[in-house]
Amino acid sequence: MDSKKKSSTEAEGSKERGLVHVWKAGSFSLTPERLPGWGGKTVLQAALGVKHGVLLTEDGEVYSFGTLAWRNEPAEVCPSSPILENALVGHHVVTVATGSFHNGAVTDSGIVYMWGENSAGQCAVANQQYVPEPNPVSISDSETSPSLAVRILQLACGEEHTLALSISREIWAWGTGCQLGLITTTFPVTKPQKIEHLAGRVVLQVACGAFHSLALVQCLPSQDLKPVPERCNQCSQLLITMTDKEDHVIISDSHCCPLGVTLSESQAENHASTATSPSTKTLDSQGEVFENTLVETGLPVPTELNVGSVETASDSAISCHQNVEETTEISSTRNLPSYPDTKAVNEYLKKLSDHSVKEDSEKGEETSQPQPLVEAAVPNLHSPSTTSTSALNSLVVSCASAVGVRVAATYEAGALSLKKVMNFYSTAPCETGIQTGPEGLKDSREEQVKQESMQGKKSSSLVDIREEESEGGSRRLSLPGLLSQVSPRLLRKAARVKTRPVILTPTYSGEADALLPSLRTEVWTWGKGKEGQLGHGDVLPRLQPLCVKCLDGKEIIHLEAGGYHSLALTAKSQVYSWGSNTFGQLGHSDFPTTVPRLIKLSSENGVWNVAAGQDYSLFLVDTEDFQPGLYYSGRQDPEGANLPENPSGTKTPVLLSCSKLGYISRVTAGKDNYLALVDKNIMGYISSLHELATTERRFYSKLSDIKSQILRPLLSLENLGTVTTVQLLQEVASRFSKLCYLIGQHGASLSSFLQGIKEARNLVILKHASLFLDSYTEQVSSPVSCSISTGLFCQRRAGP
């Protein structure tokens, strides 16, 4: 008896969930229509093409509606109500997709079925114009022996191509066009092939426009990620630059550092001859150039800083070089005093020299025969650190402090990189089979010059070189010869306490990344780019996937591709759009549109679901009463005109009046129609789910603002106090970032949950409560972290 009541209650509840409402694209009708002829089955997913659509029900059945030109029976070409795809009966379908005129479905066993138009091979069938019924597609990995069947998680369909995401997170493609991303010139491709360019990467989602493709890819772990700094390590210039023009954007990743240019052949020969000359001659030449450099830069030249001073320090460096086994490199900024005048400089240099000689005499070491200065003062890079570096550090910092703070930063940079630079002029005497004479030095230096020169020329920019040269001496203050490659910009933070950097976005969160959506993502695009829909700042096609660099770090969690434009939804409930903007489908009027830009909604509430149609976009947003609101942006047809000749577009997204429909869980867009799946509020359950998801998303937005507006600027300050203070602050920031990241993942998970069956027992926060409790316990284990967390959570509860 109880089971009968329960089943009847579930049947009544199913009639209130997954309701289908359809709008006509370009029309702002206040009362959308219910899908004609549709019964009371709960719809979990819908997909729309140009003139047709597909529905997926809760029990895994698939229905088609609209104009079905591929059907054999005339009565089924334009059915009055959705018809069941009988070929899929008995196969529990978990996801569906539609292209312009073809369809796809994936079963719970990972098998793909395709049907519809097949003129370009988009249904993976050879020599057949139409595929009237769902046909299974064989996808096998030929790299394995024997070949194994590939299980599929998700499908995406364009106008002439299809993409499939496998369970191993690889992309398989078939159809026609460069939007396949395959290395082939033979079309159509009717046998699914793997996109090798993204092999080895974890792909989270795929999306297809008419003739372009998108992929959401998880960032590489830190141990596998090759360090690609934002700025040059020597001149601090941006490695990737973006220049806005009137109708396009120039993105350049070419950079040639003027301060890192190696010596030419003539300069190398000159330094080779200098290395074999007597030490006194070397000292004289360096002293003259050193004084000339100071005069040219307009800085005061110490008159008492003569060759004798330099010679004393050099002798000290030679004597210290003999104590290799017991010496370590000392930071000059922490332990060495600064001297305001040249007299103090000389006194300090004399004291340093006497101290070094005294140490050698106490240890009873024999004094080695005098060697040429350059050879003695140049240690091998592979040998342990010696006090010769510390001695020269002292010399550099002391001399530089006498002529100005700015030069001090420059000379300090030279001292810190001394071992690398000096190794350029020497060879390792301990290596056997290597010529150690002048000719050997010359050959070794010339070979290294050639290699480093080739590396520097791999990415060069004449504009960067000219900009760098225009700054003249202000960018090239350095000691002559050895330290000419050092930039003063690198040591503006030299006085900061040397502690480990804090990564405010955790690189890997262990169990959370396996159970929750990842926020460390990249966007890759390929295909035709005539309207800028690829997002690379130009209108060129791409035959293989290319990463959209300007979306790195934006925490993209979902992608949508329209006819000729693209949308990207972030974990912070923001949307980036790019591509064709003829009718305002991008949600903004900013130009150029070949790079992603934020949409501009009149509402301050965040977006949590998007859809891209042929020439319009839909945005599902949070509202104050937690009932989602729907915004439309794009083509606007004049009322009363069935086929408008000159349709206009919206200047800004328009809010549709759909509050009486219920709680919208998902929106889908096609060419002529767009569709919404709506749930009624059954005993307050649906409204509670939306309130939980909305609150979590808003809370994550607040935490992200705290991280970007408070923590990042605070950690970038140069004077944060003692080492203990800095370490405490970094520990708090690290724990806060981990908790913030987990909340962002949970917010994205709740957005996906609202688009599914919505069973409470499937909530991650209930199934894996320990994951959240452990993270919170770690956060509150520190008194400082506890006070911050308590304040934030109190603010969260006090909020709407």
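Note that this is a predicted model, so its numbers are computed, not measured. (Residues numbered from 1 in each chain as written. Predicted model: local features only at pLDDT ≥ 70, side-chain atom pairs only at ≥ 80, totals over all residues. Heavy atoms only, no water.)

Asks: What is the right way to look at the sheet that holds strand 15 (residues 171–175) in this model?
Replies: Through backbone hydrogen bonds, the strands of a sheet pair up, either in parallel or in antiparallel fashion. Strand order in the open sheet made by the 4 strands is 13-14-15-16, with antiparallel pairing throughout. Edge positions in the sheet fall to strand 13 (152–157) and strand 16 (189–194), since each of these pairs with one other strand and no more. Shown here is a sheet whose adjacent strand axes are inclined to one another by a mean of 20°, direction ignored. With 3 bridges connecting them, strand 15 and strand 16 associate as antiparallel partners. Looking at strand 16, one finds that Gly175 is bridged to Val189. (Pairing = 2+ DSSP bridges. Helix = DSSP H or I, 4+ residues; strand = E, 2+ residues; numbered from the N terminus. Axes fitted to C-alpha atoms, helices over the stretch in contact; angles between N-to-C directions.)

Asks: Explain the packing of helix 14 (residues 685–715) against helix 15 (residues 723–753) here, please?
Replies: In helix packing, the relevant descriptors are the interaxial angle and the interaxial distance, both defined with respect to the helix axes. Viewed as axis vectors pointing N to C, helix 14 and helix 15 meet at an angle of 150°, and their least axial separation amounts to 9 Å. If you check the angle between helix 14 and helix 15, you find them roughly antiparallel. Handedness of the crossing formed by helix 14 with helix 15: left-handed. Classifying every residue of the contact of helix 14 with helix 15 gives 18 nonpolar, 7 polar and 3 charged. (Parallel < 35°, antiparallel > 145°, perpendicular 65-115°, else oblique. Left-handed = near helix turned anticlockwise from the far one by under 90°. Nonpolar A, V, L, I, M, F, W, Y, C, P; charged D, E, K, R; others polar.)

Asks: Explanation requested: the packing of aromatic side chains in the structure shown.
Replies: Given two aromatic rings, their pairing is described by the distance between the two centres and the angle made by the two planes. Under the criterion given, the structure shown has 5 aromatic pairs. Taking 5.1 Å as the distance between ring centres and 80° as the angle between the ring planes, the aromatic pair formed by Trp38 and Tyr63 counts as edge-to-face. Of this pair, Trp38 sits in the loop between strand 2 (33–34) and strand 3 (43–48) while Tyr63 sits in strand 5 (residues 62–66), and the two are 25 residues apart along the sequence. Here Trp38 falls in the buried class, since its relative accessible area comes to 17%. With relative accessibility at 12%, the residue Tyr63 sits in the buried group. Aromatic side chains Tyr616 and Tyr674 sit 5.7 Å apart centroid to centroid with 55° between the ring planes, which places their arrangement in the tilted category. Of the two residues, Tyr616 sits in strand 28 (residues 616–621) while Tyr674 sits in strand 33 (residues 673–679), which places them 58 residues apart along the sequence. (Phe/Tyr/Trp six-rings, centres within 6.5 Å; stacked < 30°, edge-to-face > 60°. Buried < 20%, exposed > 50% of the residue type's maximum accessible area, 1.4 Å probe, protein only.)

Asks: Would you take a moment to explain helix 17 (residues 769–780) for this structure?
Replies: Along an α-helix, residues three or four apart share an orientation, since each turn contains 3.6 residues. The end-to-end C-alpha distance of helix 17 is 17 Å, a good match for the 16 Å that 12 residues give at a rise of 1.5 Å each. For helix 17, the full list of buried residues reads Leu771, Phe772 and Gln779. Projected down its long axis, helix 17 shows its buried positions confined to an angular sector of 90°, all on one face. Across from the buried face of helix 17, at angles greater than 90 degrees, the exposed residues are Leu773, Asp774 and Thr777. (Expected span 1.5 Å × (residues − 1). Arc of directions from axis to C-beta.)

Asks: What is the right way to look at the sheet that holds strand 1 (residues 19–24) in this model?
Replies: Reading across from one edge, 2-1-33-32 is the order of the 4 strands in this open sheet, with antiparallel pairing throughout. Whereas interior strands pair on both sides, the edge strands pair on one side only; in this sheet they are strand 2 and strand 32 (663–669). Relative to strand 33, strand 1 runs antiparallel, the two being bridged by 6 bridges. Each bridged residue has a counterpart across the sheet, and for Trp23 the counterpart in strand 33 is Tyr674.

Asks: For this particular structure, what's the right way to read the nonpolar core?
Replies: When a protein is soluble and globular, its nonpolar side chains tend to lie buried together. Ranked by size, the top nonpolar core spans 29 residues in total, and within it Val62, Val112, Met114, Ile139, Leu155 and Trp174 carry the most contacts. By residue number, the principal contributor to this core is strand 9 (residues 112–117), which donates 4 residues. Listed in part, the 25 residues of the second largest apolar core include Leu620, Ala669, Val678 and Leu754. (Core = buried A, V, L, I, M, F, W, Y, C linked by side-chain atoms within 4.5 Å.)

Asks: Looking at this structure, how should I read the pairing of strand 28?
Replies: Remark: a regular strand shows side chains that alternate across the two faces of the sheet. Counting buried residues along strand 28, 6 of its 6 residues qualify, which places the element largely inside the surrounding structure. Side chains of strand 28 alternate between two faces, with Tyr616, Leu618 and Leu620 and Ser617, Phe619 and Val621 buried alike. As consecutive antiparallel partners, strand 27 (residues 607–612) and strand 28 are separated by 3 residues. Across 6 bridges, strand 28 lies against strand 29 (residues 629–636) in antiparallel orientation. Each residue of the ladder has a partner; that of Leu620, found in strand 29, is Leu630.

Asks: How should I be thinking about the side chain of Glu522 in this particular structure?
Replies: Counting through the fold element by element, Glu522 comes out in strand 21 (residues 521–527). For Glu522, the side chain forms a polar contact with the side chain of Arg201, separated by 3.0 Å. If near-sequence neighbours (up to four positions away) are discounted, Glu522 is found in contact with Arg201, Ala215, Leu216, Val217, Cys219, Cys547 and Asp552. (Polar contact = N/O pair within 3.5 Å; in protein donor to acceptor, adjacent residues only side chain to side chain. Contact = heavy atoms within 4.5 Å.)

Asks: Honestly, the pairing of strand 21 in this entry has me stumped. Any pointers?
Replies: Of all the 7 residues making up strand 21, 7 are buried; the element is thus mostly covered by neighbouring parts of the structure. Neither face of strand 21 is left uncovered, since the one carrying Thr521, Val523, Thr525 and Gly527 and the one carrying Glu522, Trp524 and Trp526 both have all their residues buried. The pairing of strand 18 (residues 212–218) with strand 21 spans 7 bridges and is antiparallel. Paired with Val217 across the bridge in strand 21 is Glu522. Judged from the 3 bridges that link them, strand 21 and strand 22 (residues 542–547) form a sheet pairing that is antiparallel. The residue bridging Thr525 from the neighbouring strand is Leu546, located in strand 22.

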